[in-house]
Amino acid sequence: MATTFSYKVRDQHGQLIEGTLDASNKEFVTSKLREMGYAPLEVNEKRKSLLSTEFTLGGGAKIKVRDLAVMSRQLSTMITAGMPLIRALNVLRDQTENKILIAAIGDIRADIERGISFHQAIEKHPKIFPPLYAPMIKAGETGGVLDTILDRLARTLEKQAELRGKVRSAMSYPVMVGILVVLIATGMLVFIVPRFETIYASLDGTLPLPTQILLKISRTLTGQGLIVALVVGLLVFAFRRWTQTSRGRMAYDGFKLRAPLFGPLASKTAIARFSRTLSSLIRAGVPMMESLAIVANTSGNAVIHAAIEETRERVRHGSAISAAITGHDVFPPMVIQMMAVGEETGALDELLEKMADFYEEEVEATVNALTSLIEPLLMVFMGVVVGGMIIALYMPIFKLITIVK
């Protein structure tokens, strides 16, 4: 069984390099390092302890898109300056702060030292690098324009990060207000309403219906809070399991595209991502069929994924992409017309990029409009919930004369 060894060596220029290699023994590592032209300084078996083990939540390693964009930009700059790929990866590893990315860069560098190509080394880390990364790197290696491809990758990832930031800003405010309303309402039901119930218990009379409902909810929450929490948890779990099925995912993603207020935002975001990714892949020289497969996998929406896969099948049978994409409601007529013009003029990548710019501006405008609209609506919602509870509590006091005999 292979063991991981950490090493420190100096290259032919005297540069100190650190890394790891998997081997059966220490002597093999030392011999391998000498074969690669390094002067070994230190080789030690890398032992793992429970305290040094890294745990990741959420099902695996995840890297921010912005971190990958910065990495791609730095790598492109160093390669453009004439730095060898191995040395550029060493520098990049020393400058990176993300531990998961540091480990991935170390593994990639070690694979390249073993003779594996750059894109094949990247393909070993599908949870870190998005699906478009390895094919574009492969195109750059084949065409001898790796620095240019890395620069395009950086721009594409930067645009994706910017787009996600805009959508997140539109969603964060209503989510925070919703959480605040739930906390306020729960606090009132648990701590304030029971005190009023004690007061009303001493009165001889019939409480108004809104007050009775509020007291009933409060008693249920305080007396059977664990059961309520368990039921809510089961409902959330069942909903998440349902959305993981093919039918549930299609229904839920379709609802997101048609939802009031946020539906247009989700649709424009998806089209912007589709246009930007397809433009980058075509410009890098990735074949159309492979590009469509990658775009489908990075769409983030089951409905759009199905539409692109159907388009891909039509293209496979000889149809033009603009004709193949016709008939899918998720793509507006302008998108189809722009793609048709791009195919006729041979500038499909340029028109897709312009279309991505247009829809990204539309996303920004939609976010600004939603922010202006949602703020007063959320204030009204908060007022209705909290104000309604207060009115329900004080209704018996307003009718105290008719309640007390």
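Residues numbered from 1 in each chain as written. Predicted model: local features only at pLDDT ≥ 70, side-chain atom pairs only at ≥ 80, totals over all residues. Heavy atoms only, no water.

Description of the overall build of the protein
Scanning the protein from terminus to terminus reveals 17 helices and three strands. Sorting the 405 residues of the protein into buried and exposed places 39% on the buried side. Taking as baseline every contact in the protein between residues at least 6 positions apart, the subset at least 24 positions apart corresponds to 60%. Accessible surface, the protein as shown: approximately 22900 Å² in total, 60% of it carbon and sulfur. (Helix = DSSP H or I, 4+ residues; strand = E, 2+ residues; numbered from the N terminus. Buried < 20%, exposed > 50% of the residue type's maximum accessible area, 1.4 Å probe, protein only. Contact = heavy atoms within 4.5 Å. Areas by Shrake-Rupley, 256 points an atom, 1.4 Å probe, with all protein chains shown as cover.)

Details of the pattern of salt bridges
Going through the model one piece at a time under the given rule, you end up with 19 salt bridges. In this structure, Asp111 and Arg114 form a salt bridge, with 2.6 Å as the shortest nitrogen-oxygen distance. Asp111 sits in the buried class, given a relative accessible area of 6%. With a relative accessible area of 39%, Arg114 lands in the partly exposed category. Between Arg316 and Glu313 there is a salt bridge whose closest N-O contact spans 3.4 Å. Taken together, the residues Arg316 and Glu313, both in helix H13 (residues 302-316) and three residues apart, mark about one turn of the helix. Each of the salt bridges in this network shares a partner with another, and the network as a whole consists of Arg276, Arg283, Asp349, Glu353, Asp357 and Glu360. (Salt bridge = Lys/Arg side-chain N within 4 Å of Asp/Glu carboxyl O.)

A closer look at the packing of aromatic side chains
On inspection of all chains with the given rule, the structure shows seven aromatic pairs. Considering the side-chain rings of Phe274 and Phe331, the 5.1 Å spacing of their centres and the 55° angle between planes classify their relative orientation as tilted. Highlighted residues: Phe274 in helix H11 (residues 263-284) and Phe331 in the loop between helix H14 (321-324) and helix H15 (333-345), separated in sequence by 57 residues. With centroids separated by 5.2 Å and ring planes inclined at 85°, the aromatic side chains of Phe358 and Tyr359 adopt a geometry described as edge-to-face. Of the residues examined, Phe358 reaches a relative accessible area of 36% and is grouped as partly exposed. Members of the aromatic cluster, connected to one another through ring pairs, are Phe196, Tyr200 and Tyr394. (Phe/Tyr/Trp six-rings, centres within 6.5 Å; stacked < 30°, edge-to-face > 60°.)

As for the packing of helix H7 (residues 146-201) against helix H8 (residues 209-223)
One way to put it is that H7 packs onto H8 with a least axis distance of 9 Å and a crossing angle of 115°. Crossing hand, H7 versus H8: left-handed. From H7, Thr186, Leu189, Val190, Val193, Pro194, Glu197 and Tyr200 reach across to H8, where they touch Thr211, Leu214, Leu215, Ile217, Ser218, Arg219, Leu221 and Thr222. Looking at the contact of H7 with H8 residue by residue, the class counts come to nine nonpolar, four polar and two charged. (Axes fitted to C-alpha atoms, helices over the stretch in contact; angles between N-to-C directions. Left-handed = near helix turned anticlockwise from the far one by under 90°. Nonpolar A, V, L, I, M, F, W, Y, C, P; charged D, E, K, R; others polar.)

A word on the side chain of Ser218
In this fold, Ser218 is placed in helix H8. A relative accessible area of 1% places Ser218 in the buried class. Every residue in contact with Ser218, bar those within four places of it in the chain, is listed here: Leu189, Val193 and Pro194.

Here's the deal with H8
The end-to-end C-alpha separation of H8 is 21 Å, in line with the 21 Å expected for 15 residues at 1.5 Å each. Buried residues along H8 sit in contact with H7 and helix H16 (348-398). (Expected span 1.5 Å × (residues − 1).)

Focus: the side chain of Ser76
Locating Ser76 in the fold gives a position in helix H2 (residues 65-80). Owing to a relative accessible area of 5%, Ser76 belongs among the buried residues under this scheme. Non-local contacts of Ser76, meaning those with residues more than four positions away in its chain, are made with Asp147, Leu150 and Asp151.

What about a nonpolar patch on the surface?
The grouping of Met171, Val175, Met176, Ile179 and Leu183 at the surface amounts to a nonpolar patch, some 480 Å² of accessible area in total. Relative to the helices and strands, Val175 is located in helix H7. (Patch = residues over 30% accessible without salt bridge, like charges linked within 9 Å, V, L, I, M, F, W, Y side chains within 5 Å.)

Focus on the environment of Val228
Along the chain, the position of Val228 falls in helix H9 (residues 225-244). Aside from chain neighbours lying at most four places away, what touches Val228 is Thr220 and Leu221.

Examining the environment of Tyr359
With respect to the helices, strands and loops of the structure, Tyr359 is situated in helix H16. Its relative accessible area of 7% is what places Tyr359 among the buried residues. Along the chain, Tyr359 and Arg276 lie 83 residues apart, while their C-alpha atoms are 9.9 Å from each other.

Read these as layout, nothing more, since geometry by itself doesn't imply function.
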